2 protein chains.
Amino acid sequence: MEQRLSIVTLGVADVARSRAFYEGGLGWRVSPASNARIVFIQLGGMALALYPSAALSEDAHVEGGDAPAFRGFTLAYNARGEAEVDAVLAQAVAAGARLAKPAARAFWGGYSGYFADPDGILWEVAHNPFVTIEPDGRLTLP
Amino acid sequence: MEQRLSIVTLGVADVARSRAFYEGGLGWRVSPASNARIVFIQLGGMALALYPSAALSEDAHVEGGDAPAFRGFTLAYNARGEAEVDAVLAQAVAAGARLAKPAARAFWGGYSGYFADPDGILWEVAHNPFVTIEPDGRLTLP
């Protein structure tokens, strides 16, 4: 098994509503491979997919059910500076996201806040002075 | 906001147990930026993080609680062929994963199965003949 991740698929309540948030609100380009049932968005060398939550649990052969308040994972967008953290959180809120945690100084030396997308999926928006964001957007760990 | 994802953070019950699965079981290299509290793994241009679930929900200012049977998302590893799907699922099960769905022909024309990691986090292992996996592991959508 190679050391990589290909796709993060978010189980959503309404694919059209989620597409409007990511495409119209955040301004991300949607792949032409998308349709009314599933949306694909290229994110660097991997992809984000938006798919009905009930269909996703069925496909994985697990019990579905209502989305919990906390799904047990977060996605993170690492910004190039603190001003970009504020700008991205403001853009997400203008696009209909809920500000789950206003940006604040973090105990680990960075600056971070969270927004929740239309399904309550949490995105951390952070500036971490110890992590490198390459010009093309790739993140490089030590 | 640029079109990219920096980090997927999995809220886990036991960081040491999860590290043993991903590092010892799947054979992935852990970043030296890791410690007993949090583990970072470079995956292409982004990173996977393993962090205690209770600390993650607290950091995001959301209600925590026990992990649901279905967390509402899946991660996917796209393989280069059907034989690699079988091999990766076998490797994950040997490392302690639960085979949530045995590999089978999928309605969309591919071949796919799922394993659940020690916290029940679902990884789809799939061969999709319509998606390109570059030599360096990057996924390219149409």
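The structure reproduced in this document is the subject of the present report. What you see is a predicted model; the values in this text were computed from it and never measured.

What counts and what doesn't
Numbering of residues starts from 1 in each chain and follows the order in which that chain's sequence is written. Chains and ligands are labelled sequentially in the order written, the chains with letters from A and the ligands with numbers from 1. Per-residue local features of the predicted model are confined to residues with pLDDT of at least 70, and side-chain atom pairs are confined, for both listing and counting, to 80 or more; whole-chain, interface and lining totals are unaffected and use all residues. In computing side-chain values, all of the structure's heavy atoms are included and hydrogens and water are not. By the criteria applied, helices consist of DSSP H or I runs no shorter than four residues and strands consist of E runs no shorter than two, each listed in order from the N terminus. With a 1.4 Å probe rolled over the protein chains alone, any residue whose accessible area is under 20% of its type maximum counts as buried; one over 50% counts as exposed, and the rest are partly exposed. Working note: the arc is built from the helix axis to C-beta atom directions. By the convention used here, residues are in contact when the closest approach between their heavy atoms is within 4.5 Å. Being paired, for any two strands, means DSSP has found at least two bridges between them. Inter-axis angles, ranging from 0 to 180 degrees, are taken between N-to-C directions of lines fitted to C-alpha atoms, where helices are fitted over the stretch in contact. Take a side-chain nitrogen of Lys or Arg and a carboxyl oxygen of Asp or Glu: if they are within 4 Å of each other, that pair is a salt bridge.

As for unusual backbone geometry
Phase 1 of the analysis: The backbone of His61 of chain A sits at a positive phi, close to 60°, despite the residue not being glycine.
Phase 2 of the analysis: Within the secondary structure layout, His61 of chain A lies in the loop between helix H2 (53–59) and strand E4 (73–78).

Some words on helix H1 (residues 15–25) of chain A
Residues and elements named next belong to chain A.
Phase 1 of the analysis: Residues of H1 that are buried include every one of Val15, Ser18, Phe21, Tyr22 and Gly25, and no others. Projected onto a plane normal to the axis of H1, the buried residues spread over an arc of 160° and lie on a single side. Exposed side chains of H1 directed beyond 90 degrees from the buried face belong to Ala16 and Gly24.
Phase 2 of the analysis: On its buried face, H1 is in contact with strand E1 (7–12), strand E2 (39–43), strand E3 (46–52), helix H3 (82–94), strand E6 (111–116) and strand E7 (122–127).
Phase 3 of the analysis: Following H1 by one or two positions, Gly27 has its phi on the positive side, about 80°.

Some points on the sheet that holds strand E2 (residues 39–43) of chain B
Phase 1 of the analysis: Ordered in space as E5(A)-E6(A)-E7(A)-E4(A)-E1(B)-E3(B)-E2(B), the seven strands form an open sheet in which the pairing is mixed. Only two strands of the sheet have a single neighbouring strand rather than two, namely strand E5 (98–105) of chain A together with E2 of chain B. Neighbour-to-neighbour, the strand axes of the sheet open up by a mean angle of 20°, direction not taken into account.
Phase 2 of the analysis: The sheet contact formed by E2 of chain B and strand E3 (residues 46–52) of chain B spans five bridges and is antiparallel. Bridging from a neighbouring strand, Leu43 of chain B pairs with Met46 of chain B of E3 of chain B.
Phase 3 of the analysis: Docked against the sheet, H3 of chain A engages E4, E5, E6 and E7 of chain A, running at close to 10° with respect to E6 of chain A.

Description of the environment of Ser53 of chain B
Phase 1 of the analysis: Here Ser53 of chain B shows up in helix H2 (residues 53–59).
Phase 2 of the analysis: Exposure remark for Ser53 of chain B: the relative accessible area of 18% places this residue in the buried category.
Phase 3 of the analysis: With 12 residues separating them along the chain, Ser53 of chain B and Gly65 of chain B place their C-alpha atoms 8.7 Å apart.
Phase 4 of the analysis: Excluding residues within four positions of it along the chain, Ser53 of chain B makes contact with Phe70 of chain A together with Gly11 and Val12 of chain B.

What about the pattern of salt bridges?
Residue and element names in this part refer to chain B.
Phase 1 of the analysis: Tallied over the entire structure, the rule returns 14 salt bridges over all chains.
Phase 2 of the analysis: When the shortest N-O distance is used, the salt bridge between Arg17 and Asp119 registers 3.5 Å. Of this pair, Arg17 sits in helix H1 (residues 15–25) while Asp119 sits in the loop between strand E6 (111–116) and strand E7 (122–127), and the two are 102 residues apart along the sequence.
Phase 3 of the analysis: Assessed through its relative accessible area of 14%, Asp119 is described here as buried.
Phase 4 of the analysis: As a salt-bridge pair, Glu23 and Arg19 come within 2.9 Å of each other at their nearest N and O atoms. Remark: Arg19 and Glu23 occur in helix H1; sequence separation between them is four residues, near one turn of the helix.
Phase 5 of the analysis: The exposure class assigned to Arg19 is partly exposed, which follows from its relative accessible area of 29%.

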